[in-house]
Amino acid sequence: MSKQPKYRQVADALRREIDNGTYAPGARLPSESELSARFDASRNTVRSGLNLLVTEGLISSSQGLGYEVRSHEVFVLNASRFENLDLPQNGDAYSTDVTAAGRRPHQTFRVELTPAPEYVAERLKVDAGDTAVLRFCHRFVDDVPWSTQATHYPEWLVAKGPRLTEPGDIAEGTTRYLASLGIEQIGYFDEIATRMPTPEEARLLEIGAGVPVLLWTRTGFSNDRPIRCTITTFRGDLNRMNYEIGDLSARSENEPQ
């Protein structure tokens, strides 16, 4: 006899069936009445179990339509190849990767001069509150919100790269643009974290209840100082990131990418 509360037993059983494919993405779950009979539990107990799965982001509910398994068409990003200027690109790194995956990229831009937040100033080695260029992108894959990207550039860089303050896209990507001016990014430092989204992030990324965001902070360096700090916020349910480090010649071509 399980010591778990009955509603958790309901959630655990349905979670296992979602994981093993009994209920595939997009499938509708049995009604509350049917689940009540199956688990010999009250509808309130069943509803509590279902709501637990909603908060975990596994299912969604619609008034009058019941519960449905959420569809997760995951996009895989190779973070070690992202922005590699030695690789052929079709536009910027984001457009290149999305197009190469057979998906459709779309993004909107906002550019402004803004005081550098403390955590950005620390990474750019400037004083907190110093003016920085913020290039903010709202990115989509097949019209589904994929990420937001906030890139901060130190103000001294504007004199050398005036297009940084122009509204709209820099077609070749800012990393290639700066390299063409002799400001080459020769290294970067990545930080990965997760947390629950802010209300604004949930709105922009259309995140359901219980779904976290993945935060990817990349600080890029020239040969003598940092030149940008990029914070990308991904939907946690639709993204997977990987890195390639060292000699991978022994890796099977059939392994997941």
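Refer to the structure presented above.
Residues numbered from 1 in each chain as written. Predicted model: local features only at pLDDT ≥ 70, side-chain atom pairs only at ≥ 80, totals over all residues. Heavy atoms only, no water.

Enquirer: Would you mind showing me how to read helix α1 (residues 6-19) here?
Expert: Given 3.6 residues to a turn, an α-helix orients residues that are three or four positions apart in the same direction. With 14 residues, α1 ought to run about 20 Å at 1.5 Å a step, and its terminal C-alpha atoms sit 20 Å apart, in line with that. Taken as a whole, α1 has its buried residues at V10, A11, A13, L14, R15, E17 and I18. Looking at the buried positions of α1, the neighbouring elements they touch are α2 (32-39), α3 (43-55), β1 (59-62) and β2 (66-69). At the C-terminal side of α1, G21 shows a positive phi close to 90 degrees. (Helix = DSSP H or I, 4+ residues; strand = E, 2+ residues; numbered from the N terminus. Expected span 1.5 Å × (residues − 1). Buried < 20%, exposed > 50% of the residue type's maximum accessible area, 1.4 Å probe, protein only. Contact = heavy atoms within 4.5 Å.)

Enquirer: Looking at this model, I keep getting lost on unusual backbone geometry. Mind explaining?
Expert: Most of the time, phi is negative for any residue but glycine, and the peptide bond is trans. The residue D40 is not glycine, and still its phi comes out positive at about 50 degrees. Mapped onto the fold, D40 is located in the loop between α2 and α3. The exposure class assigned to D40 is exposed, which follows from its relative accessible area of 68%. The phi dihedral of D143 is positive, around 70 degrees, even though this residue is not glycine. You can see D143 is positioned in the loop between β5 (131-141) and β6 (144-154). Owing to a relative accessible area of 52%, D143 belongs among the exposed residues under this scheme.

Enquirer: Would you take a moment to explain the sheet that holds β5 for this structure?
Expert: Two strands in a sheet stick together by hydrogen bonds in their backbones, pointing the same way (parallel) or opposite ways (antiparallel). Reading across from one edge, β4-β5-β6-β9-β8-β7 is the order of the six strands in this open sheet, with antiparallel pairing throughout. Only two strands of the sheet have a single partner each, and these edge strands are β4 (105-115) and β7 (187-195). Along the sheet, successive strands turn relative to each other by an average axial angle of 15 degrees, direction set aside. Contacts from helix α4 (residues 93-100) reach β4, β5 and β6 within the one sheet, and its direction differs from that of β4 by about 160 degrees. (Pairing = 2+ DSSP bridges. Axes fitted to C-alpha atoms, helices over the stretch in contact; angles between N-to-C directions.)

Enquirer: Explanation requested: α2 in the structure shown.
Expert: Every buried residue of α2 is listed here: E32, L35, S36 and F39. Mapping the buried residues of α2 onto a view down its axis gives an arc of 105 degrees, with all of them on the same face. Against the buried residues of α2 lie α1, α3 and β2. Residue D40 follows α2 closely and has a positive phi angle near 50 degrees. (Arc of directions from axis to C-beta.)

In short, geometric facts, not functional conclusions.
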